[in-house]
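Each chain is listed here by its residues.
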Amino acid sequence: MLPMRFASKKPGSVAPPSSLIYIEPDLTLKNFIVKHETGVPPLVVGDDLTGKTMVVVGANTGIGLAAAKLFASMKASRVIMACRNEEKGTKAVAGVEEATGTKSAELWLVDLGKFSSIVEFCDRWEKEGGRLDILIMNAGIAVWGTWDILEGWESTLQINHLGTSLFSLLLLPRLQEMARESLEQTRLVFVGSDTHYFVTINEYLRNSPSILRTLNDKEKASLTCQTMVSAPGQDQRYPISKLLNLLFSRSLAARLGPSSQHPSIEHEGRRIELHERTSEQGAYQLMWAALGPTNPSDNDHIRGAYVVDNEITEPSDFVISKEGHEVQERIRNETIEILRGVAPKISEIVDQSLRA
Ligand SMILES: NC(=O)c1ccc[n+]([C@@H]2O[C@H](COP(=O)([O-])OP(=O)(O)OC[C@H]3O[C@@H](n4cnc5c(N)ncnc54)[C@H](OP(=O)(O)O)[C@@H]3O)[C@@H](O)[C@H]2O)c1
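Quick look at the structure, then. Here the structure is a predicted model, which is why all the values come from computation and not from measurement.

Bringing the overall build of the protein into the picture now. On a plain count of helices and strands, the protein comes out with 13 helices and ten strands. A buried classification covers 45% of the 356 residues belonging to the protein. Long-range pairs, those at least 24 residues apart, make up 72% of the contacts in the protein with a sequence separation of at least 6.

By the element assignment, His196 lies in the loop between strand S7 (187-191) and helix H6 (203-206). Since 25 C-beta atoms lie within 10 Å of it, His196 is described here as buried. With 43 residues separating them in the primary sequence, His196 and Pro239 have C-alpha atoms 5.0 Å apart. The residues touching His196, leaving out its near neighbours within four places in the chain, are Pro239, Lys242, Leu243, Leu246, Pro315 and Ser316.

A few words now on the site of the ligand. Surveying the vicinity of the ligand reveals 26 residues, the closest of which are Gly58, Gly62, Ile63, Ala139 and Gly140. Sort the elements by how many residues they give to the shell around the ligand and helix H2 (residues 62-73) lands first, with three residues. In terms of residue class, the shell around the ligand is built from ten nonpolar, twelve polar and four charged.

Each pair of packed helices can be described by the angle between their axes along with the distance between the axes. Helix H9 (residues 237-255) packs onto helix H5 (residues 155-182) with a crossing angle of 10° between their chain directions and a minimal axis gap of 9 Å. What the angle tells us is that H5 and H9 run roughly parallel. Here H5 and H9 pass one another in a crossing that is right-handed. Note on element contacts: H9 touches H5 through Arg237, Tyr238, Ser241, Lys242, Leu244, Asn245 and Phe248, opposite Thr156, Leu157, Asn160, His161, Thr164 and Ser165. Considering only residue class, the contact of H5 with H9 consists of four nonpolar, seven polar and two charged.

On to the packing of H5 against helix H13 (residues 345-353), then. It is the contact of H5 with H13, at a shortest axis distance of 9 Å, that shows an interaxial angle of 40°. By the angle class used here, H5 and H13 are oblique. The interaxial crossing formed by H5 with H13 has left-handed handedness. Only Lys345, Ile346, Ile349, Gln352 and Ser353 of H13 make contact with H5, whose side of the interface consists of Leu169, Leu170, Leu172, Pro173 and Gln176. Residue classes in the contact of H5 with H13 are distributed as six nonpolar, three polar and one charged.

The subject of this paragraph is helix H10 (residues 279-291). Because the α-helix completes a turn every 3.6 residues, residues three or four places apart line up on one side. With 13 residues, H10 extends 18 Å between its outermost C-alpha atoms, agreeing within 8% with the 18 Å of an ideal straight helix rising 1.5 Å per residue. Within H10, ten of the 13 residues are buried, which leaves it mostly tucked inside the rest of the structure. Listed as buried for H10 are Gly282, Ala283, Tyr284, Gln285, Leu286, Met287, Trp288, Ala289, Ala290 and Leu291.

Another point: the pairing of strand S5 (residues 105-109). Looking along a regular strand, one sees side chains alternate from face to face of the sheet. Pairing of strand S4 (residues 78-83) with S5, which is carried by five bridges, proceeds in the parallel orientation. Bridge assignment links Cys83 to a residue of S5, and that residue is Leu109. Handedness of the crossover joining S4 and S5 through helix H3 (residues 86-100): right-handed.

A few words now on the pairing of S4. Counting buried residues in S4 gives six out of six residues, a clear majority hidden from the surface. Side chains Arg78, Ile80 and Ala82 of S4 all project onto a buried face; the interleaved residues Val79, Met81 and Cys83 project onto the opposite face, where all are buried too. In this structure, strand S3 (residues 53-57) lies alongside S4, joined through five bridges in parallel fashion. Across the sheet, residue Met54 finds its bridge partner in S4, namely Val79.

The end-to-end C-alpha separation of H5 is 38 Å, in line with the 40 Å expected for 28 residues at 1.5 Å each. Where H5 bends most, the angle comes to about 35°, and this point is Leu171, followed within four residues by the proline Pro173. With respect to burial, H5 is a largely interior element, 22 of its 28 residues being buried. At the exit of H5 stands Leu183, carrying a positive phi of roughly 55°.

A few words on unusual backbone geometry. Between Gly292 and Pro293 the backbone carries a cis peptide bond, its omega angle lying at 0°. Structurally, the position occupied by Pro293 is in the loop between H10 and strand S9 (306-308). Even without being a glycine, Asp309 presents a positive backbone phi close to 50°. If you trace the backbone, Asp309 turns up in the loop between S9 and strand S10 (311-313). What makes Asp309 partly exposed here is the crowd of 17 C-beta atoms within 10 Å.

About the thresholds
- Residues numbered from 1 in each chain as written.
- Predicted model: local features only at pLDDT ≥ 70, side-chain atom pairs only at ≥ 80, totals over all residues.
- Helix = DSSP H or I, 4+ residues; strand = E, 2+ residues; numbered from the N terminus.
- Buried ≥ 20, exposed ≤ 12 C-beta atoms within 10 Å, placed from the backbone.
- Contact = placed C-beta atoms within 7 Å.
- Near = placed C-beta within 6 Å.
- Nonpolar A, V, L, I, M, F, W, Y, C, P; charged D, E, K, R; others polar.
- Axes fitted to C-alpha atoms, helices over the stretch in contact; angles between N-to-C directions.
- Parallel < 35°, antiparallel > 145°, perpendicular 65-115°, else oblique.
- Left-handed = near helix turned anticlockwise from the far one by under 90°.
- Expected span 1.5 Å × (residues − 1).
- Pairing = 2+ DSSP bridges.
- Right-handed = clockwise from strand over helix to strand, strands pointing away.
- Bend = angle between axes of the 7 residues up to and from the residue.

Any link to function would need more than the numbers given here.
Here's what the structure looks like:
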């Protein structure tokens, strides 16, 4: 099923251009009104997080900042706010302290657009990070009209997909170790987007030797990044980046091993979907992905799940199709091959933490 979404974001922010309106094709007027009248799903999880450590990447503003405040207000012992800008991050930490009356927030600097910065963060975590219970991969960008190359990669590909994947993989062993030590679930949450419903990895890309390298080729962008069903011709790098990390997170979840065999290893590669709403309302959904479901008997279904509005939801038809599964494996292999080149430790992590 396709979800409905309205986009009205400021330029440079992470939603698609304001000229686009995405409406579920088979959405009736009645359903449309009901959906809006029923409003935003409330915050339904609110554990006491005493003793736990949360890392929120991209925490100085928007949904990430709101999530950091919620974690602090739930008495998390440490809320690590991973931000790329020291000034903005320091202000955000002060904002969390003021809003919650706690002192649990800490600023750690990381720029997902620089592989070395991610490696540095994770090396530091190994030495002095300590406990890690929940990792929220929230940072993301959306760009239109410009094509910036960071470290050899177009910025959306680098930050939203490669940087996010590298950070997650480097901290995965710590999450696993933590779960074994504490016999409690640890969680890895990727913040996604319903825009993934509107794109696929098209035939041109599937026939190319490398999907990621072809996506990175500006000259081929008209063949690879403009496949939007509802708005042909629009730049699709943001939705495609969200589709890529959905596929990558599913490939991770599939390799973590069944929890019945390793009951103490409870990682969740999960997706969360956010409709147009305030940052705090968006963060409620993130909380559900991090701390839900409310009924513990549903825990078995949550690994690798795509979550929308306090519910596990089916991702796009492409994601669950045969082609989608094949592309998922290719994206995994290509991503790991690229990340091995920037962080040799990835090979060891893949061998030890993920089944072949
Ligand atoms: N808002 C929505 O309607 C919506 C809908 C669906 C999904 N989402 C997803 O939700 C997440 C948060 O969205 P938002 O609306 O809260 O976005 P936002 O207000 O633009 O915040 C994005 C965060 O990511 C950080 N970030 C960007 N590039 C980074 C980098 N290279 N390294 C480290 N941090 C970086 C930003 O830091 P700076 O301030 O330094 O740039 C900021 O903290 C995104 O992943 C987005 O795709 C949002």
